[in-house]
Every structure is written in C-alpha cells, then in structure tokens.
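Now for the letters of each chain:
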Amino acid sequence: MISVSEALSEKYVGKNVTLRGWVYRARSVGKKAFVVLRDSSGIIQAVGEEPALSADEFKIASSLTVESSIEISGILKEDKRAPGERELVMNSLKVYCRNDNFPVTKDKGEEFLLDIRHLWVRSREFTSVLKIRNTVFKSFNDYFYSQGYYQVQAPMMVSTATEGGSTLFKVPFFGQEVNLTQSSQFYLETMIFSLEKVFTIAPSFRAEKSRTWRHLTEYWHAEGEVAWYGNEDMMKEEEKMMDYIISEVLKHNVEDLERVGRDINKLKNMNSPFLRIPYRRIIEIGNELGLKLEYGMDLGADEERTITNHFDKPVFVTDFPVSLKSFYHRPDPDHPETVLCHDLLAPEGYGEIIGGGERIWELDVLKQKLKDFGMPEDDYYWYLDLRKYGSIPHSGFGLGLDRLVTWIAGLKTIRDSIPFPRTIRRTKP
RNA sequence: GCCGCCGUAGCUUAGUUGGUAGAGCACCCGGCUGUUAACCGGGCGGUCGUCGGUUCAAACCCGACCAGCGGCGCCA
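Residues numbered from 1 in each chain as written. Chains lettered and ligands numbered in written order. Predicted model: local features only at pLDDT ≥ 70, side-chain atom pairs only at ≥ 80, totals over all residues. Heavy atoms only, no water.

Caption draft 1: Up close: the overall build of chain A. Looking only at helices and strands, chain A has 14 helices and 18 strands in total. Within the span of chain A, comprising 429 residues, buried residues form 49% of the whole. On chain A, roughly 20600 Å² of surface is accessible, and the fraction owed to carbon and sulfur atoms is 51%. If you average the places of the 57 positive and of the 64 negative side-chain charges in chain A, the two averages end up 7 Å apart. (Helix = DSSP H or I, 4+ residues; strand = E, 2+ residues; numbered from the N terminus. Buried < 20%, exposed > 50% of the residue type's maximum accessible area, 1.4 Å probe, protein only. Areas by Shrake-Rupley, 256 points an atom, 1.4 Å probe, with all protein chains shown as cover. Lys, Arg positive; Asp, Glu negative; His and termini not counted. Charge placed at Lys NZ, Arg CZ, Asp CG, Glu CD.)

Caption draft 2: Quick look at the nonpolar core. With 41 residues, the main nonpolar core has F140, M241, L399, L404, W407 and I408 as its most contacted residues. A total of eight residues in this core trace back to one element, the largest contributor, which is helix α7 (residues 231-252). Among residues more than four places away in sequence, those in contact with F140 are F199, T200, I201, A222, E223, M241, I245, F397 and L399. Formed by 22 residues, the second largest nonpolar core is a distinct cluster that contains V23, V35, L88 and L93. (Core = buried A, V, L, I, M, F, W, Y, C linked by side-chain atoms within 4.5 Å. Contact = heavy atoms within 4.5 Å.)

Caption draft 3: Summary view of the sheet that holds strand β6 (residues 150-151). Across the sheet, which stays open at both edges, the eight strands sit in the order β6-β10-β11-β18-β17-β16-β13-β12 with mixed pairing between neighbours. Strand pairing shows two members of the sheet lacking a second neighbour, β6 and β12 (275-278), which therefore form its edges. Of the pairings in the sheet, the one linking β6 to strand β10 (residues 197-205) comprises two bridges and is parallel in character. Along β10, the bridge assignment pairs Y150 with V198. Across the sheet, helix α10 (residues 279-288) is in contact with β12 and β13 (315-318); its angle to β12 comes to roughly 90°. (Pairing = 2+ DSSP bridges. Axes fitted to C-alpha atoms, helices over the stretch in contact; angles between N-to-C directions.)

Caption draft 4: Local environment of the packing of helix α5 (residues 124-146) against helix α14 (residues 401-408). Where α5 contacts α14, the axes come no closer than 10 Å and their chain directions differ by 125°. The pairing of α5 with α14 is recorded here as oblique in orientation. Considering the relative orientation of α5 and α14, their crossing is right-handed. Contacts between α5 and α14 involve I132, R133, V136 and F137 on the former and, on the latter, L401, D402, L404, V405 and I408. Per-class residue counts for the contact of α5 with α14 are seven nonpolar, no polar and two charged. (Parallel < 35°, antiparallel > 145°, perpendicular 65-115°, else oblique. Left-handed = near helix turned anticlockwise from the far one by under 90°. Nonpolar A, V, L, I, M, F, W, Y, C, P; charged D, E, K, R; others polar.)

Caption draft 5: A look at the protein's contact with RNA strand B. In the vicinity of RNA strand B, 54 residues are found, and the nearest of them are R27, K106, K209, H215 and R415. Taking the atoms of RNA strand B that fall within 4 Å of the protein, sugar and phosphate contribute 46% of them. One of the side-chain nitrogen or oxygen atoms of E110 is found 3.3 Å away from a phosphate oxygen of RNA strand B. In the model, a sugar or linking oxygen of RNA strand B is placed 3.2 Å from a nitrogen or oxygen of the E352 main chain. (Near = heavy atom within 4 Å. Polar contact = N/O pair within 3.5 Å; in protein donor to acceptor, adjacent residues only side chain to side chain.)

Caption draft 6: Molecular detail of the pattern of salt bridges. With the rule as written, the count across this model stands at 27 salt bridges. Its salt-bridge partner being E288, residue R281 comes within 3.5 Å of it at the nearest N-O pair. In this structure R281 comes out as partly exposed when scored by relative accessible area, which is 32%. The exposed category is assigned to E288, whose relative accessible area is 57%. Salt bridges here are not isolated pairs; linked through shared partners, they connect E232, K236, E239 and R276. (Salt bridge = Lys/Arg side-chain N within 4 Å of Asp/Glu carboxyl O.)

Caption draft 7: Representation of the sheet that holds strand β8 (residues 169-173) in the model. Pairing is antiparallel in the open sheet, where three strands are placed in the order β7-β9-β8. Single-partner strands in this sheet number two, and they are β7 (157-158) and β8. Here β8 runs beside strand β9 (residues 176-180); their pairing, made up of five bridges, is antiparallel. Across the sheet, the residue bridging to V171 is V178, located in β9.

Caption draft 8: The packing of aromatic side chains, seen in detail. For the structure on display, the rule yields 25 aromatic pairs. Between the aromatic rings of F186 and Y328, the centroid separation amounts to 5.7 Å while the plane-to-plane angle is 90°, which identifies the pairing as edge-to-face. With F186 in helix α6 (residues 185-195) and Y328 in the loop between β13 and β14 (331-332), this residue pair connects regions lying 142 residues apart in the sequence. Y328 sits in the buried class, given a relative accessible area of 5%. (Phe/Tyr/Trp six-rings, centres within 6.5 Å; stacked < 30°, edge-to-face > 60°.)

This is the structure we're talking about:
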C-alpha cells in the first residue's frame, strides 16, 4: 500500500502497487475506463481495460461515481498523456462504498459550501487551506519552543472579562452563570512568575454580532506573555515569529498556496523588520492618503484598509491614546496620554492580526484604571494580587491564528480559513 | 445593534407586460480505442422558502413570517 505522492515518484515505475483513496473523477471512453484517484497526498490517474481487469471489474470501473472509496492495484507506467505523466494500469479494483450523487459539483455557491462543509473539507482547495493552516499552527508552536517558552493552558469557563463585558457568552454552571473566555491573557500573566516565558493556543469566544469577513464567534487565539519584556522586546519577538511562520509556509506549502491563488512573490517579501509607526503619525499618513482623521479617533475598517494597502509589509502601529485601549495597557511614563502597545496590521488590506504591549505592573496604577473603567476590584482580586507579590514589568500579545491563515493564504473571508466556522448564524455542521 | 440584499430541481441558474416552469452540472441508460471539469444521444428530477391576500389566472403584485448573504460598528 503506497500513497499517491509516492506513486507519482520515480521509484515505483514498472512496479505493481496498491493504492487506496477516493474517486476524484471518473470517465470512460470506449473500452477504457479512466479513474482519477485522490488521497491526502494528491491525485493520480488510473486506466482500466479488459483483460487486465475482469469483465465485472471493468463494468464497475467504467461507472464509478465521484468520491466513492476504492482500492486499486496495477503497474505504474510513464505516460505523457496522463495528468502528472504517470498512471496506474489497473489489474484489480475493489469498491468500499459506491456513492450516487455526491452533492459537490463544479457549480458551488458560498452558502451551499458552508451547508455541506463536512464534505467540502475533502476538496483539493480546502485540503490546501488545511495544510497551510497546519503549518501555521505547528510553526507557531515550534518557534516559541525554540526560544525557551513553555506552553500552558487556561480555563475556557471564566468569571471575569478581559475586554468589554457585553461581548461575553453566558453559560449555565450548576445553578450559576459563567462566561466563555475572551482571552487567556490574565491566566498567562499568572504563570510568568514561575515560567517567565509562556504561550498558549486556545479558542476565544466573542458574543459580538459581527457580520464581516474578518470575525468569527469562536476563533483560535494564540497568546504569549513574557517576564521582563518591554513593548519593543515583544515586537522584536513577534517579528521573528512571523518570519519563521512565513518561511515555513513557503518551505512546505508552495503548491497549496498556488492552488488557493496566493501571490507567492508578495509573501516572500514579508520579512522583518516591520515598520513601527506611532498612532499619531498614522493619523497624518491617513490624512495624506485622503482620509479625514483626527487624533483620538479609532481606525475603522475603511481606514485600516486604505492604510494597509499603502504598505507592502506588516506594520506595527504603536502608542495609541489611552482612551482607545483596554484597561490593562501600561501608560507611557514619558507620555502618559498614550499606552505602550502595538497592533500588527497585515498589508494588502488585511488589517489587524496581533494586539499586544506592556501590561500595567504597578498596583496603584492598575487600581486607578479599574476605577476609571468602572470595573469592580473584587472580581479582579487575583489579577491585582499579581501586582502585590513580586510584581515585574512584562509584556504580551494576542494573535488571531485564523486571521493569520486568511492573510497568508490570501483568502477572501476568515470563514475559508477554518473547517467549521462559527458565526452569528451558523452552528451547523 | 444599524444599513442593504437574496431565496426557482441535489448544485449553478433562465423565466419578458401576471397566462400555469426551461437549461447546464451531478446521477441513470446507450455510444465512442487515451480521456484531462471528456464528448454525443436519451432519461430521472420542481410544494418556484412558508403562510395569507389581490386576481378569471401568481414564480411574477401586496403583507407577514422563516432562512441565509453583504457592509458598518466591536475586536484577533
């Protein structure tokens, strides 16, 4: 038993081999049956005719249907007429499951593809997305392990919010209520006091009723937190991480990127250092590009698109005004009206994929911030304790892995980056 | 939450001024000695999203409901 990619290599030419998989296409011409077989590694054409196949087998081979599961044996031959220039000349055929009417055909609409996502995940296009996604997740892990980080896990059921409280999912919990987590950040912060450098990959949940190409209700959140790091240290780490992830995708997934239509040359250009532009300057650049921005305004989707289309590499936007960021961001001691933070905006109009920065580590400053934001100290007693006992400067970040995959693969919507997207109106399949 | 849009066969869709539904793909049958999303001929397949209204007559006009999509805001 060998895989399709092995069968396409030189070493099996002339040998009798057996392949298992699914029918990608089936055609018959006169006394010959052509079957294109698909497995996880690729597709290969097989040809069948009598007497190498029995009369019964030939009849079955010439009437196979799309996505039926089969096992075929035969001699591998070079043949310029076959796609891939190698094909299997069948001498036996076994059918595991013959389908009638596989629902996916050449005509497919976006909604229908979401309804039959459990079948669409077999398509060559989506298989390529899954392979790119796999490289992104693996290389994220590998990068941080190589830098001495520890992977940790935080609870998904929590009682405190990290962002605004209105975006929390409430779930019943033994007669009480808990929330599904929006971020593992605060839990990661607790663990830097023992491990110093930690990261996690976990789902985060947002109950915002977003209807956009860049939001999921449940998304994969990669987060890191590092003792003693300042904002600039954190950005440098993220640049190296991004370099590594992109180089790994370019190393393992060129064929996949081509299949999903990604411009690979653009991706090759995405190496560090990335630009660092303070928020104040972004406002000026936006106005030079014809936008009407004022200091203190948040960057909306249109503004972000205009700005990120202006650059051909990712851009760190730093030093946001205090009012635009959540309570845990550390104000710049030299410019207390801004916080020591960064957003990483992907170019080509894709926009924000990372948010991070220094955390407030002084107890009195954090208490004041909680008060300013109208958040009850009691709920955050454990977060405040971190500032009471051996508190240290530290920084962290959160990365939207689905957004990263969307950008790297050049996809139209974040829903195409994940096998089973959860959105405001979709929980099936 | 706000603004906009769509719903006809399993899928993609045509359907004029209101006159009772047509195609391509998939599937089935037949043909073809090398197909490349094969091709050619035939066949199967429709509660026109649901309910109600107007009309001699509704896929088409009106209303309500259901389902979904796009954009904004929020963020990763």
